[in-house]
Amino acid sequence: MVKASKSVSPAVIGLLHKFSEPEVSLLREKLLSHYDANHRILPWRSIAATEDDRNKRAYAVWVSEMMLQQTQVATVISYFEKWISKWPTVADLSKATLEEVNQVWAGLGYYSRARRLHEGAVKVMDDLDGEFPSDRDSLVEQLPGVGRYTGSAIASIALGSCVGVVDGNVNRVMARLRGIGADISAQATVDHMWSLADQLVDPERPGDFNQAVMELGATVCTPKTPSCSTCPLQSLCVAYRRSQDGQQKTSISSHFKMVGKSKDKVDESLVKDIECLPECDLCLRKEDWDSSLGVQNYPRKGQKTQSRQETSAVVILQRPNGQMYFVQRPKTGLLANLWEFPSIALTSEEESQWEESITQQLQEDFAVPQSYACLRIFVSDVLHIFSHIRQTYKVYKLSLDDKKPEVICPSKYQGSQWMTREEFMSSATSTAMKKILKAVESSEQKAKDKKPKRGKEEKPVDAKKQKTISQFFNASAKKQK
Ligand code: SF4
Ligand SMILES: [Zn+2]
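Quick caveat, the model's predicted, so the values are computed rather than measured.

(A) Focus on the overall build of the protein chain. A count of helical and extended segments in the protein chain gives 20 helices and seven strands. Residues classed as buried in the protein chain amount to 43% of the 481 residues present. Total accessible area on the protein chain is roughly 26,400 Å²; 49% of this is exposed by carbon and sulfur atoms.

This is the structure we're talking about:
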């Protein structure tokens, strides 16, 4: 069956955003000399540069790249050293248990990276005869958690393949060098960045070249404080030229002289046309150029989808023995399977109705009688940012009797449990819930430190309805008699 293909017209890309062959040679030379003189000594680099065994090189670069995916170089160094001394080869790692792997990883976060390294090591040993795949595509195909960037980094740095890499640092350097002002995450921009990276990479020293571009982005061409005055690539940089007042026309002319795309005498009236094609898809639109930003006009990020604002109440139900009540989230969806305090979404109501709504829902969802629910005490607001949600938790605590009331778990959760602080801290829970517990503890600490003044004690949120806690308990006790 023939598939209907969508016709997508190719992006229009002006010459300004490409490198000519003379520029490529110049850039390689300047960048590698700068790298040779300035690069940071890092343990995985040393292994990649000196180890004879290709598998050990690939293993070291793979581990370092997985660690670096969400973590700063300075933090990764000691973790990497510990890891390599415990499991010097992929064979050693394949024999470890996941618990051991998680223990060594503890503190780096995003544990799925550790699990993938472990799975990958088992795969290399069981399915690939202990041999790492030899090129970018097979690395991506065979190793879990290895995408185009990581595959290219391992292939070039450890195995000498002539493939470029593109990460955040490379994107920034390239966008500035070539004046690429289109949304950096747009497909046409992504494709162009990869084609530039593959074109530029030095066939003699691909690993060093890729590390040199990334290092330049991390140390010289930084997001907020680029050091153009010390940059080895200044003469090749479109963003730098644009940022120089009154230099734009001359610079663009000289740029074209150098790359041999124009005659020695460039007609000044043509400069604007030569600068780029009017229909170019990668240019920064003139109205978007902000002269106060200089080179930081590049790269350009697409409009972020505005994060959603959400508010919910979190109620910490606590027994006199210190145990707190937790529910376990559903098996799928946001924060799946994690334990959390009972929470109540505060969505459409006006703020003035929130307190009433919390009392009502504690009663309806958790079977906490209204007379108890009203005794909760407001602790503080806790803000937590998820990737697309700005979540405000209004945190309350509610002290309960030893056995009463019996709290019922709503059916949307997998289950519930009373836990001590220690049990909760070692259970699977989210950072947001830990933040909430900390807020409660620090408010308790402050209350302890402060000598309560007469009449200044914490009051239940619904103090009008409930005169005092002791009155409430006395009243309940009388009723039961
Ligand atoms: S000249 Fe400035 S903007 Fe251009 S690559 Fe160097 S540091 Fe980055
Ligand atoms: Zn253009």
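(B) Representation of the coordination of the zinc ion (ligand 2). Protein coordination at the zinc ion (ligand 2) comes from His 17 (NE2), Cys 276 (SG), Cys 280 (SG) and Cys 283 (SG), with a distance range of 2.0 to 2.3 Å. Seen from the zinc ion (ligand 2), its four donor atoms lie at angles of 101 to 124°, and the figure they make is tetrahedral. Along the chain, the residues donating to the zinc ion (ligand 2) are arranged with the sequence spacing H-x258-C-x3-C-x2-C. In terms of burial, Cys 276 and Cys 280 fall into one category: buried.

(C) Representation of the pattern of salt bridges in the model. With the rule as written, the count across this model stands at 15 salt bridges. With its nearest N and O atoms 2.7 Å apart, the salt bridge here joins Arg 205 to Asp 36. Taken together, the residues Arg 205 in the loop between helix H11 (187-200) and helix H12 (206-219) and Asp 36 in helix H1 (residues 21-38) connect sequence positions 169 residues apart. Relative accessible area serves as the criterion here: at 42%, Asp 36 is assigned to the partly exposed category. Glu 355 is paired through a salt bridge with Arg 376; the nearest N and O atoms lie 2.8 Å apart. One end of the pair, Glu 355, is in helix H16 (residues 354-366); the other, Arg 376, is in the loop between helix H17 (370-373) and strand E5 (377-385), and 21 residues separate them in sequence. Note on Glu 355: relative accessible area 32%, which makes it partly exposed.

(D) View of H11. Across its 14 residues, H11 extends 20 Å between first and last C-alpha, which sits within 8% of the 20 Å expected from 1.5 Å per residue. Thr 189, His 192, Met 193, Trp 194, Leu 196, Ala 197 and Leu 200 are the residues of H11 that are buried.

(E) Looking closely at helix H4 (residues 73-86). An ideal rise of 1.5 Å per residue puts 20 Å on 14 residues; H4 measures up with 20 Å between its terminal C-alpha atoms. Considered for burial, the residues of H4 that qualify are Val 76, Tyr 79, Phe 80, Trp 83 and Ile 84. Contact partners of the buried residues in H4: helix H2 (43-50), helix H3 (54-68), helix H5 (90-95), helix H6 (98-105) and helix H7 (112-127).

(F) Broad picture of the packing of aromatic side chains. Considering all chains together, one arrives at 11 aromatic pairs under this definition. When the ring of Phe 341 is compared with that of Phe 424, the centres are 5.5 Å apart and the planes differ by 45°; the resulting orientation is tilted. Here Phe 341 is found in the loop between strand E3 (339-340) and strand E4 (343-345), whereas its partner Phe 424 is found in helix H18 (residues 421-425), with 83 residues between them in sequence. What makes Phe 341 buried here is its relative accessible area of 0%. Overall, the relative accessible area of 0% leaves Phe 424 in the buried class. Among the aromatic residues, those joined into a cluster by ring pairs are Tyr 59, Trp 62 and Phe 132. The side chain of Arg 148 reaches across the aromatic face of Trp 194, ending 4.1 Å from its centre. Taking NZ or CZ as reference, Arg 376 lies 5.2 Å from the ring centre of Tyr 396, over its face.

Here is what the cut-offs are and how they apply
- Residue numbers here run from 1 along each chain, matching the order of that chain's written sequence.
- Here every chain gets a letter starting at A, and every ligand a number starting at 1, in the order they are written.
- Reporting of local features is limited, given that this is a predicted model, to residues whose pLDDT is at least 70; pairs of side-chain atoms are given and counted only at 80 or more, and all residues count toward the totals for whole chains, interfaces and linings.
- Excluding hydrogens and water, the side-chain values take into account all heavy atoms of the structure.
- Only DSSP runs of H or I with at least four residues qualify as helices, and only runs of E with at least two residues qualify as strands; both kinds are numbered from the N terminus onward.
- When accessible area is computed with a 1.4 Å probe and restricted to protein chains, residues below 20% of their type maximum are described as buried, those above 50% as exposed, and intermediate ones as partly exposed.
- In short, Shrake-Rupley with a 1.4 Å probe defines the accessible areas, and a residue's cover is counted only from the protein chains shown.
- Sites may look incomplete, because water is not among the atoms used; the donor set itself consists of N, O and S atoms within 2.8 Å of the metal (3.2 Å for Na, K and Ca).
- The geometry test gives tetrahedral to four donors whose angles all lie between 85 and 135 degrees, gives square planar to four donors and octahedral to six donors whose opposite members are over 155 degrees apart with all other angles between 65 and 115, and gives irregular to the rest.
- Each reported salt bridge corresponds to a side-chain nitrogen of Lys or Arg within 4 Å of a carboxyl oxygen of Asp or Glu.
- One fewer than the residue count of a helix, multiplied by 1.5 Å, yields its expected span.
- Note on contacts: a residue pair is in contact if any heavy atoms of the two residues lie within 4.5 Å.
- Aromatic rings from Phe, Tyr and Trp, with only the six-membered ring used for Trp, were paired whenever their centres fell within 6.5 Å, and each pair was classed as stacked if the ring planes differed by under 30 degrees, edge-to-face if by over 60, and tilted otherwise.
- Think of it as a cone above the ring: NZ of Lys or CZ of Arg counts as a charge over the ring if it is within 6 Å of the ring centre and within 35 degrees of the ring normal.

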